[in-house]
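Chain by chain, the residues:
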Amino acid sequence: SLSDRLNGVFDRLRGRGALSESDVRAAMREVRIALLEADVALPVVREFVDKATEQAVGQQVLRSVTPGQQVVKIVNDALVEMLGSDAVDLNVDVTPPAIIMMVGLQGSGKTTTTAKIAKRLTEKGRKKVLMASLDVNRPAAQEQLATLGTQASVATLPIVAGQQPVDIAKRALQAAKLQGYDVLMLDTAGRLHVDQALMDEMKAVAGVADPEEILLVVDALTGQDAVNVASSFSEQVPLTGVVLTRMDGDARGGAALSMRHVTGKPIKFVGTGEKLDGLELFQPQRVAGRILGMGDVVSLVEKAAETIKVEEAEALAARMAKGQFDMNDLRNQLKQMQRMGGLSGLASMLPGIKQVKQAVANGAADDKVLVRMDAIIGSMTPKERTKPELLNAKRKIRVAKGSGTTVQEVNKLLKMHQDMSTMMKKVKKMGGLKQLGALFG
Ligand code: GDP
Ligand code: MG
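Structural notes, computed from the coordinates. A quick note: this is a predicted structure, and the numbers were derived from the prediction, not measured.

About the cut-offs
- Residues numbered from 1 in each chain as written.
- Chains lettered and ligands numbered in written order.
- Predicted model: local features only at pLDDT ≥ 70, side-chain atom pairs only at ≥ 80, totals over all residues.
- Near = placed C-beta within 6 Å.
- Helix = DSSP H or I, 4+ residues; strand = E, 2+ residues; numbered from the N terminus.
- Nonpolar A, V, L, I, M, F, W, Y, C, P; charged D, E, K, R; others polar.
- Pairing = 2+ DSSP bridges.
- Buried ≥ 20, exposed ≤ 12 C-beta atoms within 10 Å, placed from the backbone.
- Arc of directions from axis to C-beta.
- Contact = placed C-beta atoms within 7 Å.
- Core = buried A, V, L, I, M, F, W, Y, C linked by C-beta atoms within 7 Å.
- Domains from an automatic or database assignment.
- Expected span 1.5 Å × (residues − 1).

Before going further, it helps to spend a moment on the site of ligand 1. The environment of ligand 1 is made up of 18 residues, and the closest members are Gly109, Lys110, Thr111, Thr112 and Gly271. Considering every element that reaches the shell around ligand 1, the biggest residue donor is helix α5 (residues 110-123), with three residues. The residue makeup of the shell around ligand 1, split by class, is no nonpolar, 14 polar and four charged.

This is the structure in structure tokens:
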């Protein structure tokens, strides 16, 4: 991994004070390779590396971390900053209809993403959404959107044969106004390359529709071409954001950095599958980890380092190794989680850990729930805390009464304790806690 390679570079440096310019430059050669491997466009890599070098040179090497780890953190922080620190939602709370126009190369995922966003706005945002396809180039493109609309239970503009894109846009706008839609989504025709006739068509549509959002849809597998795509689209229309599709595949997501850098616009969503629920808000930390090839471990390490003390973690690791993760440990973990932004924060950093995600989905992420869980553990006897299997039906009723909760909640907590034990074992398998330990000062 990048971390190992950097430790190689810095082998001699440990404990030698500040990061020198020549050491940092050697490290940045590895970073540069990692970024290019992740498909970040070359000019973007250059600029990024220069910036990160500037930030790293002269920094004191912390006693408790290796210089390699320190550089990873500096690079990671710079990457997150460049990707945009917070998720930016769609601007749809305007006088209706809010218009969202989708643009991008052919096959990038515009039509699919149009339906995904419409579904999300309908279900999560409770908006009344109308979709219209302006793609008169590809055969059956309008039917494709109609089919997706049926799947997503979202209305589509009736198809009128022979109508041109600008006229379809006008008709869609009128229908949206007359029929009281909150949001109108315009799916435009794709371009194989950046083609001026189609660019002009896109500009004309943007001219009549005056959209709140113009989203550029880009395939995450776009490599060095990302800069070209981004600059030609953003020169022609005022983009408001980017959607990165196919992040469910092998793409490391370097295109995110290129897009963000060239357009200056936020990446709003990532596509994570062909199905209509395969859409997530963009999470810079997560993508930064992926670009660096370090998963989400970097952000986990970071957050954990802020909040957990090394002795606590080591003691916990030792107990877990012996299979002794008990209610006292769970109680401590709950407190730490509260500090780490709740369970949902932790779960989002540990992809694939189903049990915890489920706990979150069941409402365990709520702060109030964490407080109630604490009360439940507080009502257990010391013996029950170390041996939760003692909790039979009778004891559960006592604990529920004592904590002002219900037996159902007690059961939920016991289930979560089991899930946590499983999760902790996984983290341990990843070498997680050892790595974490190295960062605690
Ligand atoms: P358009 O030409 O830009 O409208 O692209 P489409 O929406 O028709 O998508 C082209 C292909 O990419 C279709 O087969 C989609 O199912 C697929 N696709 C779109 N988004 C994603 C995604 O996030 N992940 C995966 N795996 N496939 C996607
Ligand atoms: Mg399409």
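Having put the structure on the table, let's press on.
Another aspect to go through is the sheet that holds strand β8 (residues 279-281). What the eight strands build is an open sheet, ordered β3-β2-β4-β1-β5-β6-β7-β8; its pairing is mixed. Looking at the sheet topology across the chains shown, the edges are occupied by β3 (155-156) and β8. As defined by bridge partners, strand β2 (residues 129-133) adjoins β3 across two bridges and the pair is classed as parallel. Residue methionine 131 lies in a different strand from β3, and its bridge partner there is threonine 156.

What follows is about helix α9 (residues 226-236). For α9, the full list of buried residues reads Ala226, Val227, Val229, Ala230 and Phe233. Seen along its axis, α9 keeps its buried residues to an arc of 165°; they face one direction. Considering only its buried residues, α9 is in contact with α3 (42-56), β1 (98-104), β5 (213-219) and α10 (254-263).

Before going further, it helps to examine the nonpolar core. Ranked by size, the top nonpolar core spans 94 residues in total, and within it Leu184 and Leu186 carry the most contacts. With seven residues, the single largest contributor to this core is helix α4 (residues 67-83). When we break this core down by domain, the ones giving at least three residues each are domain 1 (2-82) and domain 2 (98-289). If sequence neighbours within four positions are ignored, leucine 186 has contacts with Ile99, Met101, Met102, Ala132, Leu134, Ala169, Ala172, Val205 and Ala209. Membership of the second largest hydrophobic core comes to 13 residues, among which are Leu334, Met373, Ile377 and Val399.

Side chains of residues three or four places apart in an α-helix project in the same direction, reflecting 3.6 residues per turn. Taking 1.5 Å per residue, 14 residues should reach 20 Å; α5 reaches 20 Å between its end C-alpha atoms and fits that length. Where α5 is concerned, the buried positions are Lys110, Thr111, Thr112, Thr113, Thr114, Ala115, Lys116, Ile117, Ala118, Lys119, Arg120 and Leu121.

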